[in-house]
2 protein chains.
Amino acid sequence: MEAKFQELKTRLMEVDDLSSAAGLLYWDQSTYMPPGGAAARARQTATLSRLAHEKFTALGIGKLLDALVPYEENLAYDSDEASLLRVTRREYERATKIPSEFMAEVTNHTSASYQVWTEARPANDFERVRPYLEKTLDYSREAANFFPGYEHIADPLIESSDYGMKATDVSRIFADLREELVPIARAITEQPPADDACLRKNFPEAQQFEFSMDVAQRFGYDLQRGRRDQTHHPFMTKFSLGDVRITTRSREDNLSDALFTTLHETGHALYEQGIRMELEGTPLAGGTSSGVHESQSRLWENIVGRSRGFWQCFYPKLQGIFPAQLSDVPLDEFYRAINKVERSLIRTDADEVTYNLHVMLRFDFELAMLEGNLEIRELPNAWRERFETDFGIVPRDDKDGVLQDVHWYFGLIGGSFQGYTLGNILGAQFFATALAAHPAIPSEIERGEFGTLHTWLKENLYQHGSKYTAPELIERATGTSLSIEPYIAYLRTKYGGLYDLGKAA
Amino acid sequence: MEAKFQELKTRLMEVDDLSSAAGLLYWDQSTYMPPGGAAARARQTATLSRLAHEKFTALGIGKLLDALVPYEENLAYDSDEASLLRVTRREYERATKIPSEFMAEVTNHTSASYQVWTEARPANDFERVRPYLEKTLDYSREAANFFPGYEHIADPLIESSDYGMKATDVSRIFADLREELVPIARAITEQPPADDACLRKNFPEAQQFEFSMDVAQRFGYDLQRGRRDQTHHPFMTKFSLGDVRITTRSREDNLSDALFTTLHETGHALYEQGIRMELEGTPLAGGTSSGVHESQSRLWENIVGRSRGFWQCFYPKLQGIFPAQLSDVPLDEFYRAINKVERSLIRTDADEVTYNLHVMLRFDFELAMLEGNLEIRELPNAWRERFETDFGIVPRDDKDGVLQDVHWYFGLIGGSFQGYTLGNILGAQFFATALAAHPAIPSEIERGEFGTLHTWLKENLYQHGSKYTAPELIERATGTSLSIEPYIAYLRTKYGGLYDLGKAA
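Treat the numbers as computed from the prediction; the structure is a model and nothing was measured.

Caption draft 1: Structural context of the environment of B:M1. Residues and elements named next belong to chain B. Inspection of the secondary structure puts M1 in the segment before α1 (2-31). Overall, the presence of 11 C-beta atoms within 10 Å leaves M1 in the exposed class. Between the alpha carbons of M1 and A67 there is a distance of 8.2 Å; along the sequence they are 66 residues apart. Those residues in contact with M1 that sit more than four places away from it in its chain are L68 and Y71.

Take a look at the structure:
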């Protein structure tokens, strides 16, 4: 039995090697690859992804999983071994439903689509990517239809990133949240906006990066096992538990871009770097769901990184780096600026309050496209109309509208966005639990110390990797299921201190 | 038949995808990977190399090659199709003799060995890598012994990089060359050395790179299909014909390091970028041998890049970039400095005249180690003794002695070095042929124009990739077989202009 278990692990490690190499192909494509490499790179990524899929869905893996059923029955549910078998079985059953050839076709298509998008977006040319996106929608529905018996066609796609969630669950949570959020957002955006001119001076990029990476390291990001590079669309990627990288972007005329994308991706990286080394190379060595992953990026970026306590410690340092730009800007003005709430066009630039409205738009559109109630050609107009309804403004162009996010141009449509708002909700829920256990955390943050918080997150979330599903992990860490209350309470307290929330309070 | 041929190409392309991804794993390991990634990276590289080997040596490939024999018989010898079948068959027969598991073990071992070497070299700690090197020697002999019937145990290893050459051929060529070279080297090194102080001032790295890359692009290096990064040991690597990269290193206190390593690697890159796109993804899409490859790096680095004509055009530009350092240094002083001949410790820093003595030392040691006439533990001392005999100086330490080159620490022992000297010989032979066809080349070089030379090399060498063996290619391009005479004539003319060669002239 032990030999069979070892054989399974060896096979899984081979799959992991192929997936990690495919990850590096993508990282390189986004960071350093010359344009001439694109055609072959699409083929290479497709081949590696196909081989990883083939190796993972091989009959041999299924036979080993079957043979190991009696072995698993004698193991504790939360042992590494039982968890590995449980999670591998779940993923195997899912993966065997999708043919390798289909996967390869999709990977090939999305690589090509991504390459076109990188040119179409700056050119504001939706028509150029439209045929790619139409094909992507076809692929997305085809992918869902490999899982017959779903309640909603989006369910299989949502489950691939947020296992345990269905379209109806997400719609219900989003409706509850919307009910609380819209009055708050309205109350704030009807007031004069905060002045964030202090963030829009000229800030040389090298110093921006140095400061951001210094904060990232103080949070606990280990650069012996990570690094930062520059890409248009920031991301975190892992090639092993010893090599967890982030990418960020920067703008000389906007201090918050590099800073907060760095803290965001650092949150993702802390999660992956915190996974126990014993899980290396197995399906357990990764975050358990898109929502839980995002809870960590949003917790470190927003709940910590945009808190007044954090800046009490770090603002004098930042002023020291940019004296000409910031020495005459008081802490409170800076704090209001980085927490400015406004009707904005770009999701990734959006504030904590309106961010979720961006996500809900995309989530609803994904459902509608998959249902066949929204055609790709209608998308730019639908975007503008919904945007006007939700935000009271209309995007000037598709570049800052339907072309803004990489997701649909580099992956399937469906299941791509709900994780961001689930993450906002969960980030607040986890933080509230950590605070209840360690009331000194806020005063530590004021001193630039993050050890207690980081340790609590490692012990309760990170170390487990994917051993537990998101619902299991939330229950274990917080003693209850997902709840929007801590998040609403957090927003009311923080933004009540910055704005008059009126009846919304 | 055509369908079978297409099936073969599809399978070969899958092998190429895996090899290219393995290449990227290595490039990343050398350029950007954080130290924590090393352990998993060794495993990942081993897995991809093993899979590439498995896919290439699969029975299916052999069956296709057999089935395609009648098809091949009706094709012209130099057609792409016949060449693909011929070269694939040769490599298949070679590769099927080496078991996949052995390959994986070796890759795993050499990755680990490389990692240790990167730390042992700066620490001057040969003992730390000694056990790795001993294991490497065992693997090297084991590898050779998969090819029983060799004349010399080094033959199968030499043939893997310089197909068509045997240890006795190389030894004979080297003996002939040595007879001519030693008196020239002696005549020069007995004279007072050239003063190269002008190269050893402070030269900021950014400007060094800008200048070198400007020259590289004028040579014809296409940065839409390439890029440059920094590594300790410079190399050229290709992920597709549209993505051919070089790496270089630099020293602020030595102008020639970045400059000439860039021109050297550019020569390699020009070869790969010049291969016809129709050969993409097949075993034909690469240089045909280590010697021919090196002929291009040495031709562009030395015959062009260290020529007086070249600097007539480029020295004023270099003076413009570094006026404080070079404005009072006349062209002739600079020209003598970059062509300084001396008894030096480091192969990659060595001048054109003594370089080959470095190579011959390593080649002879490889033969002796493989024969069992030189133990690894004796290597540091043997190195010092031979060095004293050949160069009249003794390395201060192992760092600049036996630890200096990456080759034995990241690959097998045997066949690693002869290509450098074969390249010197061939570079001169090809250049002489190009000049005979286009006598205007030297005056073009004086104007900073390289189009005629580059085009001749593309047409006669580069475009063919590996369609022809090195001996075939030399015959086609020059009308004769490998000859040391153009190289000796080149050295005599050039260095006769710089030094009194006395009786050696």
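Caption draft 2: Quick peek at the nonpolar core. Formed by 260 residues in total, the largest nonpolar core has its most connected members in A:A21 and B:A21. In this view, B:A21 contacts A:A21, A:L25, A:Q44, A:L48 and B:L48; residues no more than four positions away in its chain are not counted.

Caption draft 3: Highlighting the packing of helix α9 (residues 167-189) of chain B against helix α16 (residues 355-371) of chain B. Residue and element names in this part refer to chain B. Between α9 and α16, the least distance of the axes is 10 Å, while the angle of their chain directions is 145°. As α9 packs across α16, the resulting crossing turns out to be left-handed. Here A167, V170, F174, L177, R178, L181 and A185 of α9 come into contact with α16, specifically with N356, L357, M360, F363 and L367. Residue composition of the contact of α9 with α16, grouped by class: ten nonpolar, one polar and one charged.

Caption draft 4: Structural view of the interface of chain B and chain A. Each side of the interface is counted separately: chain B has 28 residues, and chain A has 28 residues. Secondary structure elements with two or more residues in the side of chain B that touches chain A: α1, α2 (38-56) and β2 (236-240) of chain B. It is α1(B) that provides the largest number of residues to the side of chain B that touches chain A, a total of seven residues. Considering only residue class, the side of chain B that touches chain A consists of twelve nonpolar, nine polar and seven charged.

Caption draft 5: How the structure looks around the relation of the copies chain B and chain A. Once turned by 180° and shifted 0.0 Å along the axis, chain B lies on chain A with an RMSD of 0.0 Å. Viewed as a symmetry operation, the transformation between the two copies matches a two-fold axis. For chain B, the minimum C-alpha distance to the rotation axis belongs to B:A21 and amounts to 3.3 Å. Here 100% of the contact residues of chain B are again contact residues in chain A; the copies associate through an equivalent surface.

Caption draft 6: Representation of the domain arrangement of chain A. All names here are of chain A. On domain assignment, one finds that chain A holds domain 1 (2-140) and domain 2 (167-354 + 415-504). A straight line from the C-alpha centre of domain 1 to that of domain 2 covers 28 Å. Each partner contributes residues to the interface: domain 1 has 17 residues there, and domain 2 has 15 residues. Where the side of domain 1 that touches domain 2 is concerned, the elements lending two or more residues are α1 (2-31) and α5 (80-96).

Caption draft 7: Representation of the sheet that holds strand β3 (residues 243-248) of chain B within the structure. Residues and elements named next belong to chain B. Spatial strand order, β1-β3-β2: three strands in an open sheet with mixed pairing. With one partner strand each, in any of the chains shown, β1 (228-230) and β2 form the two edges of the open sheet. Going from strand to strand, the sheet's axes swing by 30° on average, the running direction of each strand aside. Its contacts with the sheet place helix α11 (residues 255-273) against β2 and β3, and it is angled at close to 165° to β3.

Caption draft 8: How the structure looks around the environment of A:A67. Mapping A:A67 onto the fold places it in helix α3 (residues 59-67). Here the alpha-carbon distance between A:A67 and A:K4, two residues 63 residues apart in the chain, equals 8.0 Å.

Caption draft 9: Inspection of the packing of α2(B) against helix α6 (residues 100-120) of chain B at higher detail. Residues and elements named next belong to chain B. In the contact formed by α2 and α6, the axes pass within 8 Å of each other and the chain directions differ by 150°. When the axes of α2 and α6 are compared, the pair comes out roughly antiparallel. α2 and α6 meet at a crossing whose hand is right-handed. Contact with α2, carried on its side by A38, R41, A42, R43, T45, A46, S49, R50, H53 and E54, involves S100, M103, A104, T107, N108, S111, A112 and Q115 of α6 and no other residues of that element. Grouping the amino acids of the contact of α2 with α6 by side-chain chemistry returns six nonpolar, eight polar and four charged.

Caption draft 10: Focus on the sheet that holds strand β3 (residues 243-248) of chain A. All names here are of chain A. What the three strands build is an open sheet, ordered β1-β3-β2; its pairing is mixed. Every other strand in the sheet has two partners, leaving β1 (228-230) and β2 (236-240) as the edge strands with one partner each. Here the strands of the sheet are splayed against their neighbours by 30° on average, with no regard to which way each runs. The sheet contact formed by β1 and β3 spans three bridges and is parallel. What sits directly across from Q230, in β3, is T248.

Caption draft 11: A look at the pairing of β2(B). All names here are of chain B. Burial analysis of β2 places four of its five residues in the buried class, the great majority of the element. Of the strand pairs in this sheet, β2 and β3 are connected by four bridges, and their pairing is antiparallel. Paired with S240 across the two strands is D243, which belongs to β3.

Caption draft 12: How the structure looks around helix α10 (residues 205-219) of chain B. Residue and element names in this part refer to chain B. With 15 residues, α10 ought to run about 21 Å at 1.5 Å a step, and its terminal C-alpha atoms sit 21 Å apart, in line with that. Restricting attention to buried positions, one finds in α10 the residues Q208, F211, S212, V215, A216 and F219. The buried residues of α10 all sit within an arc of 140° when viewed along its axis, so they share a single face. In α10, the exposed positions angled more than 90 degrees off the buried face are occupied by A206 and E210.

About the criteria used
- Residues numbered from 1 in each chain as written.
- Chains lettered and ligands numbered in written order.
- Predicted model: local features only at pLDDT ≥ 70, side-chain atom pairs only at ≥ 80, totals over all residues.
- Helix = DSSP H or I, 4+ residues; strand = E, 2+ residues; numbered from the N terminus.
- Buried ≥ 20, exposed ≤ 12 C-beta atoms within 10 Å, placed from the backbone.
- Contact = placed C-beta atoms within 7 Å.
- Core = buried A, V, L, I, M, F, W, Y, C linked by C-beta atoms within 7 Å.
- Axes fitted to C-alpha atoms, helices over the stretch in contact; angles between N-to-C directions.
- Left-handed = near helix turned anticlockwise from the far one by under 90°.
- Nonpolar A, V, L, I, M, F, W, Y, C, P; charged D, E, K, R; others polar.
- Least-squares fit on C-alpha atoms with pLDDT ≥ 70 in both.
- Domains from an automatic or database assignment.
- Pairing = 2+ DSSP bridges.
- Parallel < 35°, antiparallel > 145°, perpendicular 65-115°, else oblique.
- Expected span 1.5 Å × (residues − 1).
- Arc of directions from axis to C-beta.

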